[in-house]
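Chain by chain, the residues:
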Amino acid sequence: MAIDVNGRAAELTRRTARADGSRVDAIRGDLLTSMRDEAIDVVIFNPPYVTTPSDDVGGDTIEASWAGGRRGRVVIDRLLTADGLRRCLADGALLYLLLSDENEPAEVLAALASLGFEATTVLARTARTSYALLSFQTDAPSLPGNERLSVHRAVLKGGAPR
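Residues numbered from 1 in each chain as written. Predicted model: local features only at pLDDT ≥ 70, side-chain atom pairs only at ≥ 80, totals over all residues. Heavy atoms only, no water.

With that settled, the discussion passes to the environment of Tyr-49. Positionally, Tyr-49 belongs in the loop between strand 3 (40–45) and helix 2 (74–81). Sequence separation of Tyr-49 and Arg-71 is 22 residues, and the distance between their C-alpha atoms is 7.9 Å. (Helix = DSSP H or I, 4+ residues; strand = E, 2+ residues; numbered from the N terminus.)

Structure (structure tokens):
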């Protein structure tokens with residue numbers, strides 16, 4: 001299942017999956033607010049994480065797909081403070097989260113720990129900041145103007161308080 005606040009993005013996800021011979025239920029929704037309690041085993045979250053003016057966050061334009069506001073954290077922080085994240089994940093659920101160094105990953109991992117997650121960094125690469133939101137390449141060059149992206153895995157500990 002895929003959830004996107006942008007209905008056009010959800011439709012494109014369905015079409016892409018169909019073209020690849022897969023089926024994905026893609027719905028328009030806001031983060032995890034539409035999910036049942038303890039219904040999710042894995043979340044893969046590629047949030048809008050680029051540092052931008054706060055006015056750029058949200059909306060139906062393509063900019064909303066990358067515009068993360070102050071520190072690139074507006075949507076990320078909403079997920080971490082939302083009741084939905086803890087509520088909708090089953091014990092032992094996995095959360096994969098893409099972050100940029102500008103998002104202050106150590107702070108995000110600490111927030112996840114306070115919610116009962118055990119978090120680790122599983123991949124870190126340098127990617128060009130122009131046009132590509134996620135561009136992992138083997139042996140990507142570390143050039144000026146590039147940013148470091150990292151993928152973090154957080155496991156919800158069983159029996160953690162909800």
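Turning our eyes to something else, we now look at the pattern of salt bridges. Inspection of the entire model under this criterion finds 9 salt bridges. Glu-11 is paired through a salt bridge with Arg-15; the nearest N and O atoms lie 3.5 Å apart. Here Glu-11 and its partner Arg-15 are both found in helix 1 (residues 7–19), 4 residues apart, which amounts to about one turn of the helix. Take Arg-15: its relative accessible area is 45%, and that puts it in the partly exposed class. A salt bridge links Arg-73 to Asp-77, with the shortest nitrogen-to-oxygen separation between them at 2.8 Å. Assessed through its relative accessible area of 6%, Arg-73 is described here as buried. Here the residues in one salt-bridge network are Arg-71, Arg-73, Asp-77, Glu-104 and Glu-107, joined through shared partners. (Salt bridge = Lys/Arg side-chain N within 4 Å of Asp/Glu carboxyl O. Buried < 20%, exposed > 50% of the residue type's maximum accessible area, 1.4 Å probe, protein only.)

Here we come to unusual backbone geometry. In the Ramachandran plot, Leu-31 falls in the positive-phi region, its phi being about 55 degrees despite a non-glycine side chain. Tracing the sequence through the fold places Leu-31 in the loop between strand 2 (26–28) and strand 3. Judged by its relative accessible area of 17%, Leu-31 is buried. For Arg-71, which is not glycine, the phi dihedral falls at a positive 60 degrees.

The next thing to look at is helix 2. Those residues of helix 2 not exposed but buried are Val-75, Ile-76, Leu-79 and Leu-80. All buried residues of helix 2 lie within an arc of 135 degrees about the axis, which places them on one face of the element. (Arc of directions from axis to C-beta.)

Core analysis: the biggest nonpolar cluster contains 27 residues, and Phe-45, Leu-85, Leu-89, Leu-112 and Phe-117 have the highest contact counts within it. Contributing elements (two or more residues each) for this core: strand 3, helix 2, helix 3 (83–88), strand 4 (89–100), helix 4 (105–114) and strand 6 (146–156). Examining the composition of this core, we find that 6 residues originate from one element, strand 4, more than from any other. Discounting residues that sit within four places of it in the chain, Leu-112 has contacts with Leu-80, Leu-85, Leu-95, Leu-97, Phe-117 and Ala-154. (Core = buried A, V, L, I, M, F, W, Y, C linked by side-chain atoms within 4.5 Å. Contact = heavy atoms within 4.5 Å.)

Below, the discussion takes up the environment of Pro-53. As for its placement among the helices and strands, Pro-53 is situated in the loop between strand 3 and helix 2. Sequence separation of Pro-53 and Ala-67 is 14 residues, and the distance between their C-alpha atoms is 7.9 Å.

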